Amino acid sequence: MPEAYPHGLKTLTPGNTIVEALQLLGPGFRLVPLGDNSPYIKPKAALYDFNGKERRWDVVESHASVGVVLYHRELDAFVIVRQFRPAVYASLLREAEVAGRSPPPFKAAFTYELCAGLIDKSKSNVEICQEEILEECGFSVPLEAIREVGVGIASAGTQGAPHIMYYAEVDSSMAVDGAGGGLLAHGECIEVLALPLESSQEFVLDGSLPKSPGLMFGLTWAYFNKLNGSLGPRAAASASNPLLTEELVLKPVLPA
Ligand SMILES: Nc1ncnc2c1ncn2[C@@H]1O[C@H](COP(=O)(O)OP(=O)(O)O[C@H]2O[C@H](CO)[C@@H](O)[C@H](O)[C@H]2O)[C@@H](O)[C@H]1O
């Protein structure tokens, strides 16, 4: 049975992705110094003059990224993802060590986020976004249906790379059999979740659930713009939201 989630969250992924991901995670988690050959990040010291003195700031060179707020028209829900994040686990582990507590369970580092990806290939940003929607969430969305929301900076204190946010709507006709959940070959095991629009703000403000600031902003922006009609009408009235019936959740709206 899918795990019960708070705030009306329902899994759209067949099976129980979190249980599967936990089974795939072996015992042991180590942190070692990073060499200089990471294709993802390069820690560096930035030296610059300020007020006649040389100053230093430690920075992490990284890729720009895209993220997308997905709204499911038939479910009147946002589609978000949840996955094991080693960086989150590393932080929790450090916190536990400092406090003299035993290591936290891996489960604590499964983080709620928008569907997102790095801009690390020679495709346009919106094409990368389209590809991530398919790979992570299992929906095929036409490029022209993906609109830009705005650009923020990821971790201005250390990374400073742009994060470009998009908005797109999906429905069951866009679900692609066998797509979604990420690429196991890349170590991805991504759970796809539907979050009712109705309870999205409670979810955003629930500090007990680990989530990204991009998700917090994106869902809040989309919630209010959906309510005021700027993003087109809401398809389903919340009282009759089919998301509330298990039956529909496990039917064709799902990526297989
Ligand atoms: N630091 C890392 N170390 C090792 N392998 C890595 C890595 N980052 C990415 N990868 C590999 O690259 C694959 C593709 O990554 P994606 O572009 O889908 O970004 P992801 O959603 O993982 O998060 C990424 O993009 C989101 C988008 O904003 C950022 O928030 C997040 O920090 C970033 O990891 C991952 O599955 C993994 O195999």
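This is a predicted model, so every value here is computed, not measured.

K.L.:
Even after reading the chapter, I still don't get the nonpolar core, so can you show me in this structure?
P.N.:
Generally speaking, nonpolar side chains in soluble globular proteins are found buried as a group. Counting residues in hydrophobic clusters, the biggest one holds 31 residues, and the most contacted among them are Leu9, Val69, Phe78, Ile80, Tyr112, Phe203 and Leu219. Counting residues per element, this core draws most heavily on helix 5 (residues 213-227), which supplies five residues. Core analysis: the next-biggest nonpolar cluster, separate from the first, contains 26 residues, Leu12, Leu70, Ile190 and Ala194 among them.

K.L.:
How should I be thinking about the confidence of the model for the protein in this particular structure?
P.N.:
The predicted coordinates ought not to be read in detail in places where the model reports low pLDDT. For the protein, mean pLDDT is 90; residues scoring 70 or higher make up 90% of the total. Counted against residues more than four places away or in other chains, residues 247-256, with its pLDDT under 50, gives 28 contacts. As a predicted assembly, this complex carries a pTM of 0.90 together with an ipTM value of 0.89.

K.L.:
Mind showing me how you'd approach the site of the ligand here?
P.N.:
Surrounding the ligand, one finds Tyr40, Ser65, Arg85, Ala116, Gly117, Leu118, Glu132, Glu136, His163, His186 and Glu188. Note that an oxygen atom of the ligand is positioned 2.7 Å from one of the backbone N or O atoms of Leu118. Measuring from an oxygen atom of the ligand, one finds a backbone N or O atom of His186 at 3.0 Å. Within the complex, the protein chains bury 65% of what would otherwise be the 680 Å² of accessible surface of the ligand. Those elements that provide at least two residues to the shell around the ligand are strand 7 (115-118) and helix 3 (125-137). When residues in the shell around the ligand are grouped by element, the largest group, three residues, is from strand 7. Split into classes, the residues belonging to the shell around the ligand amount to three nonpolar, four polar and four charged.

K.L.:
Help me understand the packing of aromatic side chains, please; the structure alone is not making it clear to me.
P.N.:
Within a pair of aromatic rings, the relevant descriptors are the distance that separates the centres and the angle that separates the planes. In the structure shown here, the tally under the stated rule is nine aromatic pairs. Aromatic pair Tyr71 and Phe78: ring centres 6.1 Å apart, planes at 70°, arrangement edge-to-face. Like Tyr71, the residue Phe78 is buried in the burial classification. Among the aromatic residues, ring-to-ring pairing joins Phe29, Phe84, Tyr89, Phe106 and Phe110 into one connected group. One Lys or Arg, Lys211, reaches over the ring of Phe203 and ends 5.1 Å from the middle of that ring.

K.L.:
What's the story with helix 5 in this structure? I'm lost.
P.N.:
Every α-helical turn comprises 3.6 residues, leaving residues that sit three or four positions apart pointing alike. When the terminal C-alpha atoms of helix 5 are compared, their 21 Å separation across 15 residues agrees well with the 21 Å that a helix rising 1.5 Å per residue should span. Taken as a whole, helix 5 has its buried residues at Leu215, Gly218, Leu219, Trp221, Ala222, Tyr223, Asn225 and Lys226.

K.L.:
Explain a nonpolar patch on the surface to me, please; I cannot follow it from the model alone.
P.N.:
Together, Leu34, Tyr40, Ile41 and Leu118 give the surface a local cluster of nonpolar side chains, amounting to about 360 Å² of exposed area. For Leu34, the location among the structural elements is in the loop between helix 1 (17-24) and strand 2 (41-50). A relative accessible area of 46% means that Leu34 is categorised as partly exposed.

K.L.:
Teacher, can you tell me more about the side chain of Lys226 here?
P.N.:
Structurally, the position occupied by Lys226 is in helix 5. A distance of 2.7 Å separates a polar side-chain atom of Lys226 from the backbone oxygen of Leu231. Sequence-distant contacts of Lys226, that is, excluding residues within four places in its chain, are made with Tyr71, Tyr167, Glu169, Leu197, Leu231, Gly232, Pro233 and Arg234.

K.L.:
Help me understand the pattern of salt bridges, please; the structure alone is not making it clear to me.
P.N.:
As a working rule, side chains carrying opposite charge can pair if their charged atoms are close by. Counted under the stated rule, the structure contains 12 salt bridges. Between Glu61 and Lys44 there is a salt bridge whose closest N-O contact spans 2.9 Å. Here the residue Glu61 occupies a position in strand 3 (residues 53-62), and Lys44 occupies one in strand 2, the gap between them amounting to 17 residues. Accessibility expressed as a relative area gives 39% for Glu61, which makes it partly exposed. Salt-bridge contacts for Asp76 lead to Arg234; the nearest nitrogen and oxygen are separated by 2.6 Å. With Asp76 in the loop between strand 4 (65-72) and strand 5 (77-84) and Arg234 in the loop between helix 5 and helix 6 (246-249), the pair connects residues that are 158 residues apart, well separated along the chain. Through salt bridges with shared partners, one network takes in Arg73, Glu169, Asp171 and Lys226.

What counts and what doesn't
Residues numbered from 1 in each chain as written. Predicted model: local features only at pLDDT ≥ 70, side-chain atom pairs only at ≥ 80, totals over all residues. Heavy atoms only, no water. Core = buried A, V, L, I, M, F, W, Y, C linked by side-chain atoms within 4.5 Å. Buried < 20%, exposed > 50% of the residue type's maximum accessible area, 1.4 Å probe, protein only. Helix = DSSP H or I, 4+ residues; strand = E, 2+ residues; numbered from the N terminus. pLDDT = per-residue confidence, 0-100. Contact = heavy atoms within 4.5 Å. Near = heavy atom within 4 Å. Polar contact = N/O pair within 3.5 Å; in protein donor to acceptor, adjacent residues only side chain to side chain. Areas by Shrake-Rupley, 256 points an atom, 1.4 Å probe, with all protein chains shown as cover. Nonpolar A, V, L, I, M, F, W, Y, C, P; charged D, E, K, R; others polar. Phe/Tyr/Trp six-rings, centres within 6.5 Å; stacked < 30°, edge-to-face > 60°. Lys NZ or Arg CZ within 6 Å of the ring centre and 35° of its normal. Expected span 1.5 Å × (residues − 1). Patch = residues over 30% accessible without salt bridge, like charges linked within 9 Å, V, L, I, M, F, W, Y side chains within 5 Å. Salt bridge = Lys/Arg side-chain N within 4 Å of Asp/Glu carboxyl O.

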